[in-house]
Amino acid sequence: MRALTFEPGRQGTLEVEEVPDPEPGPGELLVQGLALGVCGTDRELAAAEYGWAPPGRSRMVIGHESLGRVLQVPDGSAFSPGDLVVGVVRRPDPEPCGACARGEFDMCRNGRYTERGIKEIDGYASERWAVEAGYAVRLDPSLESVGMLVEPTSVVAKAWEHIERIGSRAWFEPRTVLVTGAGPIGLLAALLGRQRGLEVHVLDREAGGAKPALVADLGATYHVGTGLDAFADAKPDIIIEGTGVGQLVMEALTCTSAAGIVCLAGLGAGGRTHRLDVSEINRDIVLENDAIFGTVNANLRHFRDAATALAQADRSWLERLVTRRVPLTRAKEALVHEPGDVKVVLDLTG
């Protein structure tokens with residue numbers, strides 16, 4: 001079968017090649033790969049910024065935003081051939097740490113977790129793949145064209161879960177949320193905010209393209225800019241920072257209403273130094289009982305929450321997030337970010 005593979009730690013090694021068919025182990029599903037979402041993590045892996053091959057191998061299959069159809073199930077499985085599924089990305093560490101031992105592997109404390117397509121386990125960019133039934137999530141059949149969005153949605157489903165948990169420390173009835181960055185994570189965070197009945201604002205530097213209309217069609221407000229000056233007076237109750245841009249991160253720390261919550265969900269490039277008054281930021285956070293936290297990856301329940309959220313969303317809106325589909329035969333094109341891209345999808349059947 002064909003798969004998109006690379007050699008972690010070496011640039012220019014991304015190739016579509018023939019690899020052995022997967023052999024499902026006990027309790028595993030055999031799945032036909034349908035599509036794969038491509039994100040910045042995949043581009044960083046291809047650029048050799050990080051990545052870890054499976055033990056004893058130099059190459060691995062890339063890809064973590066999966067979508068497939070079940071071909072074969074083990075005896076007694078709750079899944080059936082024909083089911084639409086996605087695979088969870090992370091697996092708990094072998095020790096395990098306290099969090100992994102309790103099923104909270106997305107919060108691993110010792111860093112010995114593994115991840116499909118990223119760290120020590122083959123990913124989902126192949127014509128067929130196997131997955132443990134306990135790490136597969138069944139999707140509503142209506143999500144066949146957009147099911148690869150479940151993984152990025154799981155990341156923001158976790159973010160919203162933690163926002164609500166932190167808010168429950170006291171009286172918490174938020175009205176407004178600001179999302180910085182209108183990439184897939186930002187747009188999906190905005191979607192889940194609107195599903196919660198909140199007034200949603202999205203800030204991005206792009207004035208054109210698909211993003212303003214996508215935000216408007218959610219019933220949210222789109223802002224063009226590179227800073228948070230527009231929110232100096234009417235401060236949001238919640239900020240989900242999805243860019244990782246240093247200046248925006250710093251501004252977000254002091255831009256919420258009292259007892260506000262800032263969720264840091266973006267990873268920016270390093271190498272830039274910013275001057276800031278740490279004492280003033282500290283004073284603001286302390287005196288207003290603000291909370292700031294970071295989040296990454298997702299647990300099984302977040303994948304399930306994501307599948308539910310997408311099933312409740314407008315299908316045509318979700319389909320418009322996918323601005324480019326690339327066949328597996330031209331897979332390298334999918335890893336190149338082009339102007340106007342929101343979400344690029346690799347078609348594993350082409």
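This text goes with the structure placed above it.
What comes next is a walk through the structure. (Residues numbered from 1 in each chain as written. Predicted model: local features only at pLDDT ≥ 70, side-chain atom pairs only at ≥ 80, totals over all residues. Heavy atoms only, no water.)

Within the protein, the regular secondary structure consists of 10 helices and 19 strands. Its C-alpha atoms give the protein a radius of gyration of 20 Å, near enough to 20 Å, the size a compact globule of 350 residues would have. Taken over the C-alpha atoms alone, the protein extends approximately 60 × 45 × 40 Å along its principal axes. Looking at the protein as a whole, 50% of its 350 residues qualify as buried. A separation of at least 24 residues holds for 68% of the contacts in the protein among residues at least 6 apart in sequence. Surface accessibility of the protein: about 15,700 Å² in total, with carbon and sulfur atoms responsible for 49%. The centroid of the 36 positive side-chain charges in the protein is displaced by 1 Å from the centroid of its 49 negative side-chain charges. (Helix = DSSP H or I, 4+ residues; strand = E, 2+ residues; numbered from the N terminus. Rg over C-alpha atoms; globule rule 2.2 N^0.38 Å. Buried < 20%, exposed > 50% of the residue type's maximum accessible area, 1.4 Å probe, protein only. Contact = heavy atoms within 4.5 Å. Areas by Shrake-Rupley, 256 points an atom, 1.4 Å probe, with all protein chains shown as cover. Lys, Arg positive; Asp, Glu negative; His and termini not counted. Charge placed at Lys NZ, Arg CZ, Asp CG, Glu CD.)

Taken together, 3 strands build an open sheet; the order of strands is S7-S8-S9 and the sheet is mixed. Lying at the two open borders of the sheet, with one neighbouring strand each, are strand S7 (90-91) and strand S9 (120-121). The pairing of S7 with strand S8 (residues 114-116) spans 2 bridges and is antiparallel. Paired with Arg91 across the strands is Thr114, a residue of S8. (Pairing = 2+ DSSP bridges.)

Among the structural elements, Leu267 can be located in the loop between strand S16 (261-264) and helix H7 (278-287). As a C-alpha pair, Leu267 and Gly219 span 48 residues in sequence and 27 Å in three-dimensional space. Apart from the residues within four sequence positions on either side, Leu267 is in contact with Thr243 and Gly244.

This model, assessed by the stated rule, comprises 24 salt bridges. Close ionic contact of Asp83 with Arg138 constitutes a salt bridge, the shortest N to O distance being 3.0 Å. On the criterion of sequence distance, the pair formed by Asp83 in the loop between strand S5 (65-72) and strand S6 (84-87) and Arg138 in strand S11 (residues 136-138) is long-range, its members being 55 residues apart. Residues Arg112 and Glu95 are paired through a salt bridge, measuring 2.3 Å at the closest nitrogen-oxygen approach. (Salt bridge = Lys/Arg side-chain N within 4 Å of Asp/Glu carboxyl O.)

Take unusual backbone geometry next. In this model, Glu95 is joined to Pro96 through a cis peptide bond whose omega is -15°. Among the structural elements, Pro96 can be located in the loop between S7 and helix H2 (98-101). The phi angle at Glu120 is positive, at roughly 75°, despite the residue not being glycine. Among the secondary structure elements, Glu120 is positioned in strand S9. For Glu120, a relative accessible area of 33% gives the class partly exposed. Here the phi dihedral of Asn289 falls at roughly 55°; this positive angle occurs in a residue that is not glycine.

So, on to the side chain of Thr153. Within the element layout of this structure, Thr153 appears in helix H3 (residues 150-167). In this structure Thr153 touches Leu188, Leu192, Ala306 and Leu310, once residues within four positions along its chain are discounted.

Moving on to the layout of surface pockets. Here the largest pocket defines a volume of roughly 1,800 Å³. Lining the largest pocket are 49 residues, and of these Gly40, Glu44, Gly242, Thr243 and Leu267 lie nearest its centre. Secondary-structure elements contributing two or more residues to the lining of the largest pocket are helix H1 (40-46), H3, helix H4 (184-195) and strand S13 (199-204). Partitioning the lining of the largest pocket into residue classes produces 20 nonpolar, 15 polar and 14 charged. Approximately 420 Å³ is the volume found for the second largest pocket. When contributions to the lining of the second largest pocket are tallied by element, the ones reaching two or more residues are strand S4 (60-61) and strand S10 (128-132). (1 Å grid on protein atoms, 1.4 Å probe; cavity = no way out; pocket = protein on both sides within 12 Å on 5 of 7 lines; lining within 4 Å. Points joined across faces, edges and corners; volume = space filled by probe spheres on them. Nonpolar A, V, L, I, M, F, W, Y, C, P; charged D, E, K, R; others polar.)

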